Amino acid sequence: MRKSALIGMLAAMAVPIVGSSACAPEATTAIDVNALAEGSYPAPAGNELTIGAAAAATGRYFGAAIDVNALAEGPYRALAGNELTAVTPENAMKWGEVEPQRGVFDWRPADELVGFAKAHGQKIRGHTLVWHGQLPSWFVDGNFAPNEVKALMLAHVSTEVGRFKGSIYAWDVVNEPLADNGGWRDNIFLKAMGPDYVSLALNAAHKADPGAKLYVNEYGVETSGPKMEALYDLVASLKRDGVPIDGVGLQCHLVSGAAPGDLPDVMRRFASLGVDVAVTELDLRIRSPATERDLQTQAADYARVVSACRMTKRCVGATAWGITDGHSWIPGFFQGYGAALPFDEGYRPKPAVAAILKAFAAPGP
Ligand code: XIL
């Protein structure tokens, strides 16, 4: 059988991952994607430099969230393998995915991602341990007492971080702990433990893998305002108390044309607390259908975000929330929007790619 036919057949077997928390675990990995050959994709015209290499030239990484099932598609696999120097599992390491039933673990998709990253010399950002989203239903609906919620959270953190000890560059230990007004987000962890759940989770992660960088990751904190200030105060107090926190993740799910101008100041402020900063989930959504002009505006915003990182000493790298518009959470979650990523559905580079290359190539601070 021709290789392309084989890949086509395997791609047809792959299960789409959006909304996959409801997927039966055995349906997620019918194939060993690491045994698949890579395809090809249209490389950026007249430019051999990849975005990962451009980032590396400044001592940073450029990564993307990876849909493990899509790795069965040749061009997706080639793009992810060639262009990126870091990967984040889009869903494969979330609690609901790894422990769909209490005490029953399915590590296969996460292991595939780790294998892929190692084969391509990429850093792995582990995502995410303590979050209100994509939790297993047995945990959410279990009517556990506060001390049980605490014990289950700590066991989950130790088990998962321990399972991947030595392989993960950075963990998003706590994801989205804040409400938009700057208060605490009301979630199952806050209800059981109060704000202490954050330091408890960080300490447990540190114990399980002292070599991994530990992050708090948040959205809506890319411009100054109550939520950004609240995150600043939280990180400052964690540092004061000697809690192991190494970095702040700014998700950067942004609307194209509206990337905040004060992002460099925000990064500098977080860095002044003595932590790393990273752009962790960058996408710039466009109202559909995207015009050529929209793509130029988007390119300018990609450049703005990347150059904010490039100009901040402690900004270690940027991760896009996907690589191609054909595999993006945006159309499913933001009605009427799409085209948010650097490569289009045909794996062709959009104007954003040249803009990212140029932003990394500019002189540093
Ligand atoms: C999203 C994934 O992209 C989707 O596939 C999934 O159905 C829902 O979660 N903030 C985060 C990410 O931290 O984990 C989310 O990922 C997007 C928002």
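Placed above this text is the structure.
This report concerns the structure included in the present document. (Residues numbered from 1 in each chain as written. Predicted model: local features only at pLDDT ≥ 70, side-chain atom pairs only at ≥ 80, totals over all residues. Heavy atoms only, no water.)

1. Description of helix H5 (residues 108–119)
Where we set the bar: Secondary structure elements are taken from DSSP: a helix is a run of H or I of four residues or more, a strand is a run of E of two residues or more, and numbering for both begins at the N terminus. By definition here, a helix of n residues has an expected span of 1.5 Å times n minus one. Throughout this description, buried means an accessible area under 20% of the type-specific maximum (1.4 Å probe, protein chains only), exposed means over 50%, and partly exposed covers the range between. Note on contacts: a residue pair qualifies if any of its non-hydrogen atoms lie within 4.5 Å across the two residues.
Across its 12 residues, H5 extends 16 Å between first and last C-alpha, which sits within 8% of the 16 Å expected from 1.5 Å per residue. Those residues of H5 that fall on the buried side of the exposure criterion are Pro 109, Ala 110, Glu 112, Leu 113, Val 114, Phe 116 and Ala 117. Structurally, H5 contributes buried residues whose contacts are with strand S1 (61–66), helix H3 (74–83), strand S2 (86–89) and strand S3 (123–130). The first or second residue beyond H5 is Gly 121, which carries a positive phi of 60°.

2. Structural notes on the pairing of strand S9 (residues 315–320)
Basically, it comes down to this: Strands pair, by our definition, only if DSSP identifies at least two bridges between them. A crossover counts as right-handed when, viewed with the strands pointing away from the observer, the path leading from the first strand over the helix to the second turns clockwise.
In terms of burial, S9 is largely enclosed, as 6 of its 6 residues are buried. Of the pairings in the sheet, the one linking S1 to S9 comprises 4 bridges and is parallel in character. Bridging from a neighbouring strand, Gly 63 pairs with Thr 319 of S9. Crossover handedness for the path strand S8 (residues 276–287) to helix H12 (residues 292–310) to S9: right-handed.

3. A word on the site of the ligand
To keep it simple, the criterion reads: Think of it this way: one heavy atom of a residue within 4 Å of a molecule or strand is enough to make that residue near it. Polar contact is the term for a pair of N or O atoms within 3.5 Å; when the atoms are in protein, one must be able to donate a hydrogen and the other to accept it, and sequence-neighboring residues count only if both atoms are side-chain atoms. Areas reported here follow the Shrake-Rupley algorithm with a probe of radius 1.4 Å; residue values treat only the protein chains shown as occluding. Charged means Asp, Glu, Lys or Arg here, nonpolar means Ala, Val, Leu, Ile, Met, Phe, Trp, Tyr, Cys or Pro, and polar covers whatever is left, Gly included.
The full set close to the ligand counts 15 residues, and Glu 90, Lys 94, His 127, Asn 175 and Glu 281 are the nearest of them. At a separation of 2.7 Å, an oxygen atom of the ligand approaches a polar side-chain atom of Lys 94. Note that an oxygen atom of the ligand is positioned 2.9 Å from one of the side-chain N or O atoms of Trp 321. For the ligand, the protein covers 94% of the area, taking 420 Å² as the surface of the free molecule. Partitioning the shell around the ligand into residue classes produces 4 nonpolar, 7 polar and 4 charged.

4. Some thoughts on the packing of aromatic side chains
To keep things clear, this is the line we draw: Each pair of aromatic rings taken from Phe, Tyr and Trp, with Trp reduced to its six-membered ring, is defined by centres within 6.5 Å and is described as stacked if the planes are under 30 degrees apart, edge-to-face if over 60, and tilted in the remaining cases. The criterion for a charge sitting over a ring is simple: Lys NZ or Arg CZ within 6 Å of the ring centre, and within 35 degrees of the ring normal.
Counted by the stated rule, this structure contains 16 aromatic pairs. Centroid distance Trp 329 to Phe 333: 5.0 Å. Interplanar angle 45°. Geometry classified as tilted. We classify Phe 333 as exposed; its relative accessible area is 53%. Within the aromatic cluster, the residues linked to one another by ring pairs are Trp 95, Trp 138, Phe 139, Phe 144, Trp 184, Phe 189 and Tyr 197. In this structure, Arg 125 packs its charged tip against the face of Tyr 215, placed 4.8 Å from the ring centre. The side chain of Arg 285 reaches across the aromatic face of Phe 334, ending 3.8 Å from its centre.

5. Looking at the nonpolar core
The line we're drawing: Here, nonpolar core means buried Ala, Val, Leu, Ile, Met, Phe, Trp, Tyr and Cys residues that are tied together by side-chain atoms lying within 4.5 Å of each other.
Within the largest apolar cluster, 102 residues are counted, with the highest numbers of intra-cluster contacts made by Phe 62, Trp 171, Leu 250 and Phe 270. By residue number, the principal contributor to this core is helix H10 (residues 226–240), which donates 8 residues. For Phe 62, the contacting residues outside a window of four places in its chain are Ile 51, Gly 52, Ala 55, Leu 84, Thr 85, Ala 86, Val 306, Ala 318, Ala 320, Ile 356 and Phe 360. Membership of the second largest hydrophobic core comes to 7 residues, among which are Tyr 61, Tyr 169, Ala 170 and Val 316.

6. What to know about unusual backbone geometry
Put simply, His 127 and Thr 128 share a cis peptide bond, and its omega is -5°. Along the polypeptide, Thr 128 turns up in strand S3. Look at the link from Ser 288 to Pro 289: it is a cis peptide, with omega at -5°. Tracing the sequence through the fold places Pro 289 in the loop between S8 and H12. Of note, Asn 143 is a non-glycine position whose phi angle comes to about 50°, a positive value. Following the sequence through the fold, Asn 143 ends up in the loop between helix H6 (137–140) and helix H7 (146–163). With phi around 65°, Cys 252 is a residue other than glycine that occupies positive phi space. Along the polypeptide, Cys 252 turns up in the loop between strand S6 (247–250) and strand S7 (253–255).

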